Amino acid sequence: MKDLLSRASLFSRRSLAILTAGLCLSMAAYSGEDQTETFRFNVSPNGYPPYLIVDGETPSGIMWDVVELIVPRLGYDLEFMKIPRKRVDQMLTEGYLDGTPRAIEWTEVPEQFLFTDPVVHVEEVLFFANGAEFEYNHPSDLFGKTVVTHLGYLYPALDSYFESEQIRRFDVSRDRDMFRFLLHGDRFDTALADRLVGQWILKTEGMTEHFSSSETAISQYGFRIMVRPEWTEFAEAFNTELQKIRANGELQSILANYR
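Here the structure is a predicted model, which means the values were calculated and not measured. (Residues numbered from 1 in each chain as written. Predicted model: local features only at pLDDT ≥ 70, side-chain atom pairs only at ≥ 80, totals over all residues. Heavy atoms only, no water.)

## Regarding the side chain of asparagine 239
For clarity, the threshold we go by: Under the scheme used here, helices are H or I runs from DSSP no shorter than 4 residues and strands are E runs no shorter than 2 residues, and both carry numbers assigned from the N terminus. Between buried and exposed lies partly exposed: a residue is buried under 20% and exposed over 50% of the maximum accessible area for its type, with that area taken using a 1.4 Å probe on protein chains only.
Residue position: asparagine 239 is located in helix H7 (residues 232–248). Note on asparagine 239: relative accessible area 13%, which makes it buried.

Structure representation (structure tokens):
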């Protein structure tokens, strides 16, 4: 009888061990590599058309379409977030956000982040109302003038002149408002915007005939994806896929949709 009880006890302990091991394996499988990670990408509350467009239920635009094409190929689900510019860097650093479109030159402390290769290049130019006597070749052409700019944006080529007030800066919160202020305000001389952004806004707002832009650009920057420094593997994989879609025509097809 004693031997029978001993065997029953041994059987129970073995059964419990097997059950526990099975449960641990199940939990490991559930929380392990089979789970798809989510890449949380910032599109901002107002977007940045045609690079980011947030008018509908889901985003669109050049940068979103590229990210939406590449990120799933890297094994991630994609989720968009609408984070105001002034909170983006902190939320990215703290891990609440995984990536945002950004040029290195537009970042206050770029060494704190990691950047992919340029997806596209943005060209900053000056827009002015038709009929205005305006020509731009050098920042000195703007001395004494008021330039409509985007709130919170850095303009490395002109920032020193803004600080010295040789050129006056007037900030607005939305890109499309820049052109309304310029068209209806007597005290504004020109607006500073990316050429493609400006052309997109003027086309969609029916104001193309009212404005011209400078042939000479203020600056040109690579528009990239900015992530945390530890995301080196992601950035390298993203760059590899970016080269592929540039070579096979997929990137050109995306760009053609917004030109």
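Back to the write-up after that little detour.
## Side note on the packing of aromatic side chains
Keep this limit in mind: Geometry of aromatic contacts follows a simple scheme: Phe, Tyr and Trp rings, the Trp one being its six-membered ring, pair when their centres are within 6.5 Å, and the pair is stacked under 30 degrees between planes, edge-to-face over 60, tilted otherwise.
On inspection of all chains with the given rule, the structure shows 26 aromatic pairs. Considering the side-chain rings of tyrosine 76 and phenylalanine 234, the 5.5 Å spacing of their centres and the 85 degrees angle between planes classify their relative orientation as edge-to-face. Of this pair, tyrosine 76 sits in strand S2 (residues 76–81) while phenylalanine 234 sits in helix H7; the two residues are 158 residues apart in sequence, bridging distant segments of the chain. For tyrosine 76, a relative accessible area of 17% gives the class buried.

## What about the layout of surface pockets?
For clarity, the cut-off: With a 1 Å grid spanning the protein atoms alone, the term cavity applies to any set of points in which a 1.4 Å probe fits but cannot get out, the term pocket to an open set with protein on both sides within 12 Å along at least five of seven lines, and the term lining residue to any residue with an atom within 4 Å of a point. Grid points are joined across faces, edges and corners, and a volume is the space filled by probe spheres set on the points. Three classes are used: nonpolar for Ala, Val, Leu, Ile, Met, Phe, Trp, Tyr, Cys and Pro, charged for Asp, Glu, Lys and Arg, and polar for all others, with Gly counted as polar.
One number sums up the size of the largest pocket: a volume of about 620 Å³. Ser44, Asn46, Gly47, His150 and Tyr153 are, among the 29 residues lining the largest pocket, the residues nearest its centre. For the lining of the largest pocket, the elements supplying multiple residues, two or more each, are helix H3 (85–93), strand S3 (100–102) and helix H5 (175–184). The class makeup of the residues in the lining of the largest pocket is 14 nonpolar, 8 polar and 7 charged.

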